[in-house]
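Secondary and tertiary structure notes
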Amino acid sequence: MSLDAPTAQSLELRWDRYAPQIAVSLARLYPDRAAEITERLKTIITGALTKRSDDLKRLDEARLLRPDWLQQPDMTGYVCYADRFAGDLRGVKTHVDYLDGLGVHYLHIMPFLRPRDGENDGGYAVADYRAIRPDLGTMDDLEDLTGELREHRISLVMDLVINHVAAEHEWARKAREGDKKYRDYFLMYPDRSVPDAYERTLPEVFPDFAPGNFTWNDDAQAWVWTTFNDYQWDLNWANPDVLCEFVDLMCWLANKGVEVFRLDAIAFTWKRMGTNCQNQPEVHDLVQIMRACMRIAAPAVAFKAEAIVAPEDLIAYLGTGEHYGLVSDMAYHNELMVQLWNCLATADVRMTETALANMPAKPPSATWATYARCHDDIGWAISDADAAAVGVDGYDHRRFLSDFYSGEYKTSFARGLVFQANPLTGDRRISGSAASLAGLEKALEEGDEHGVDMAIARILLVYSIVCGYGGVPLIYMGDELGMLNDTDYARDPAHADDNRWAHRPFMDWALAERVGQDEELPAARLNSAIRHVLQVRAATPQLHAGFATEVAVSPDPRILILRRWHPLGPLVEVYNVSEQMVDLHHGALTQHLGYNARELIGGYDYDLRPATIGIWPYQAAWFIAT
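Here we summarise the structure given alongside this text. (Residues numbered from 1 in each chain as written. Predicted model: local features only at pLDDT ≥ 70, side-chain atom pairs only at ≥ 80, totals over all residues. Heavy atoms only, no water.)

1. Comments concerning the overall build of the chain
Tallying secondary structure elements over the chain gives 23 helices and 25 strands in all. On the principal axes, the C-alpha backbone points of the chain span a range of 75 × 60 × 45 Å. Burial analysis of the chain (626 residues in total) assigns 62% to the buried set. If the 59 positive side-chain charges of the chain are averaged to one point and the 92 negative ones to another, these points end up 3 Å apart. (Helix = DSSP H or I, 4+ residues; strand = E, 2+ residues; numbered from the N terminus. Buried < 20%, exposed > 50% of the residue type's maximum accessible area, 1.4 Å probe, protein only. Lys, Arg positive; Asp, Glu negative; His and termini not counted. Charge placed at Lys NZ, Arg CZ, Asp CG, Glu CD.)

2. Quick look at the state of the cysteines
Here, disulfide denotes a covalent bond that connects the sulfur atoms of two cysteines. Taken as a whole and judged by the stated rule, the model has zero disulfides. Among the cysteines around cysteine 244, which has no disulfide bond, cysteine 293 carries the closest sulfur, lying 8.4 Å off. (Disulfide = S-S within 2.5 Å.)

3. Section: helix α22 (residues 522-538)
For α22, which comprises 17 residues, the first-to-last C-alpha distance of 25 Å matches the rise-based estimate of 24 Å (1.5 Å per residue) to within 8%. Looking only at α22, the buried set comprises Ala523, Ala524, Leu526, Asn527, Ile530, Val533, Leu534, Val536 and Arg537. Contacts made by the buried residues of α22 are with β1 (76-80), α6 (96-102), α20 (449-468), β17 (472-476), α21 (509-515) and β25 (620-625). (Expected span 1.5 Å × (residues − 1). Contact = heavy atoms within 4.5 Å.)

4. Regarding the sheet that holds strand β12 (residues 302-305)
Across a sheet, paired strands are connected by hydrogen bonds in the backbone, their directions being either parallel or antiparallel. Taken together, eight strands build a closed barrel; the order of strands is β1-β2-β5-β11-β12-β13-β14-β17 and the barrel is parallel. Direction aside, the axes of adjacent strands within the sheet are offset by 25° on average. (Pairing = 2+ DSSP bridges. Axes fitted to C-alpha atoms, helices over the stretch in contact; angles between N-to-C directions.)

5. A few points about the packing of aromatic side chains
This structure, assessed with the given rule, holds 27 aromatic pairs. With centroids separated by 6.0 Å and ring planes inclined at 70°, the aromatic side chains of tryptophan 171 and phenylalanine 246 adopt a geometry described as edge-to-face. Of this pair, tryptophan 171 sits in helix α8 (residues 170-176) while phenylalanine 246 sits in helix α11 (residues 240-254), and the two are 75 residues apart along the sequence. A relative accessible area of 8% means that tryptophan 171 is categorised as buried. Three or more aromatic residues joined by ring pairs make a cluster, and in this case those are Trp341, Trp380, Phe400, Phe404, Tyr405, Tyr409 and Phe413. The side chain of arginine 17 reaches across the aromatic face of tyrosine 18, ending 4.6 Å from its centre. Its end group placed over the ring of tryptophan 69, arginine 63 keeps NZ or CZ at 3.5 Å from the ring centre. (Phe/Tyr/Trp six-rings, centres within 6.5 Å; stacked < 30°, edge-to-face > 60°. Lys NZ or Arg CZ within 6 Å of the ring centre and 35° of its normal.)

6. Considering the packing of helix α14 (residues 334-346) against α20
How two helices pack is summed up by the angle between their axes together with the distance between the axes. Closest axis-to-axis distance for the α14/α20 pair is 11 Å, and the angle between their directions is 145°. Regarding α14 and α20, the two cross each other, and that crossing is right-handed. Counting all contacts with α14, which are made through Leu336, Leu340 and Leu344, the residues of α20 involved are Arg458, Leu461, Val462, Ile465 and Val466. Considered class by class, the residues forming the contact of α14 with α20 number seven nonpolar, no polar and one charged. (Left-handed = near helix turned anticlockwise from the far one by under 90°. Nonpolar A, V, L, I, M, F, W, Y, C, P; charged D, E, K, R; others polar.)

7. Overview of the sheet that holds strand β7 (residues 188-189)
The strand order across the open sheet formed by three strands is β7-β9-β8, and the pairing between neighbours is antiparallel. Looking along the sheet, the strands with just one partner apiece sit at the ends: β7 and β8 (214-217). Sheet topology places β8 next to strand β9 (residues 222-225); four bridges connect them, and they run antiparallel. If you follow asparagine 217 over to β9, its bridge partner there is alanine 222.

8. Details of the nonpolar core
The biggest cluster of nonpolar side chains holds 199 residues, and the ones touching the most others in it are Tyr78, Leu160, Phe261 and Tyr405. A total of 12 residues in this core trace back to one element, the largest contributor, which is α20. Among residues more than four places away in sequence, those in contact with tyrosine 405 are Trp341, Leu344, Ala345, Trp380, Phe413, Ala414, Arg415, Gly416, Leu417, Ile430 and Leu437. Among the nonpolar cores identified, the runner-up in size contains 16 residues, and Val574, Leu584, Leu589 and Leu593 belong to it. (Core = buried A, V, L, I, M, F, W, Y, C linked by side-chain atoms within 4.5 Å.)

9. Overview of the packing of helix α2 (residues 34-51) against helix α12 (residues 282-297)
For the pair α2 and α12, the least separation of the axes is 9 Å and the interaxial angle reads 35°. Judged by the sense of rotation from one axis to the other, the crossing of α2 with α12 is right-handed. Seen from α2, the contacting residues are Leu41, Ile45 and Leu49; seen from α12, they are Ile289, Cys293, Ile296 and Ala297. In the contact of α2 with α12, the residues fall into seven nonpolar, no polar and no charged.

10. Concerning the environment of arginine 525
As for its position among the elements, arginine 525 is in helix α22. As a C-alpha pair, arginine 525 and glutamate 480 span 45 residues in sequence and 9.8 Å in three-dimensional space. Ignoring anything within four residues of it in the chain, the contact list for arginine 525 reads Val452, Asp453, Ile456, Glu519 and Glu520.

11. Brief notes about the side chain of glutamine 339
Examined against the element boundaries, glutamine 339 turns out to sit in helix α14. For glutamine 339, a relative accessible area of 1% puts it in the buried group.

12. Some thoughts on the environment of tyrosine 124
Mapped onto the elements of the fold, tyrosine 124 is located in the loop between β3 (113-115) and β4 (126-132). For tyrosine 124, a relative accessible area of 6% corresponds to the buried category. Here the alpha-carbon distance between tyrosine 124 and alanine 620, two residues 496 residues apart in the chain, equals 37 Å. Setting aside residues no more than four positions away along its own chain, tyrosine 124 makes contact with Met110, Pro111, Asp159, Val161, His164, Gln232, Arg262, Asp264 and His375. In terms of polar contacts, tyrosine 124 uses its side chain to reach the side chain of arginine 262, at 3.5 Å. (Polar contact = N/O pair within 3.5 Å; in protein donor to acceptor, adjacent residues only side chain to side chain.)

13. Re the side chain of arginine 262
Counting through the fold element by element, arginine 262 comes out in strand β11 (residues 260-264). Look at arginine 262 and you get buried, because its relative accessible area is 3%. Of the polar contacts made by the side chain of arginine 262, one reaches the side chain of aspartate 264; its length is 2.9 Å. In this structure arginine 262 touches His108, Tyr124, Val157, Met158, Asp159, Leu160, Lys304, Glu306, Tyr332 and His375, once residues within four positions along its chain are discounted.

None of the figures reported here should be taken as evidence of function without further support.
Rendered as structure tokens:
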């Protein structure tokens, strides 16, 4: 493999920089094969660099000069399904101007690689990592799209499922045929003795339709580890051949223009008897190796960990101890999302103060992905300890939230759906669009104008907190228009048994068109307000994600107060999570800002000498000193 002189020099310098990170983790994971795997990885990386385009090499250099590119205040994300947003990848390309106008610089297109036919877990059962889902286009279409996105400074984010492959994947097919090499890519057992030993400590992810964690396969004559569904075969990451396959795959996809890999189901990748086989320490060595390889082969690429786990486990995916700053660049702040909906249901921030204050600090180089909603259901990750700290029973409170957001609670404004109720644990997750959960669906049904106003205010509030917390705020497709639950999902046999499709609607382009024509339309009011918050955020240096957010103890349980420290001066954020006007004592602001402040979202200057300041129902306010 021949490299030109500048590329050869870059390879040499980057290898010298990152090879030690690879070596130390390989020595821990695969001590008997570390030298061999090191050479294989270097060969893969060298081959990838020979095929990397000049355009992408230029992007690599730009990212090396600005390593905090994901942390900039103007970094706004958008999440969509290609077919539901615009039909296919070519259709997405025709709507890049819409995303650009919204201020998007990070586009997560939900699974678009070729899945198995039939049931495929929403695309997460991948049958071919090097092919696009046929109805969405081709790899040439993907390259055309990523080129167009780069011209608008928008980074493409893709799901890379690393815990499992579809049973129809080539590796699984060869394993079923008896190929020893590929049988070692999976976890396969001739009888139930080992599976039963594991099952004693394993939870069930989908107890309703996929109980247990192992599936008997007649062709393979083995019990196959299948954490999620019987058609999703877990990979054996204890086999370094699997690692090499994925490094090669990442390099190949990065050369197609992918800039962020969302490492799906990352928490499940390493198995250990006697545990729940989640969050094992070896996971972080695996990611350290893969990240170091990508820093050499494609420095423009970043990793996002799809780790929806407890806060004490989550921070390790951004790096702790010897992995500090060396693993994923981003992780979802699931705790924040759950607490936002908790605040709206209770009009009380005390549990949220406790939960957020207890979050371990992330490395300054890492970034949160902050969000109000995503493609998945909401699991009420309220810990018993956080609930007890404010005098609440955790089990009862989780049940209350499920009742509230399913609309069963008598004073609820929400229109959600119960997903995967588990009578053994009491777990009752919730599906629903942000607008339907925030009350817009109910208010429109009832012709309640005040209810519409309050629902819009709630949606704007949660998005303002998401924008103000620090990280990459993710707009889930349609939230900027207040799109409601899609009640037609059940008419599709492929989706009828999975009510998460209620909040995965088709983009309403007719509504988007009307937004520009009727400013009194609820969607127009919400869209204008969200765009304004994003513009204010982009112009506020205190919202650089490298700076930490501090939770202040509020003098009023209806007011959430966040503080961010910055060389240009502090930012104090005030959020009213209730429908009542709150007179906030000025000390919450004056102790940091003095008596003259500017509120950035409203654009007003405040004299803080009066003892209190009025905070409107569901108001978000960002204060700096003047």
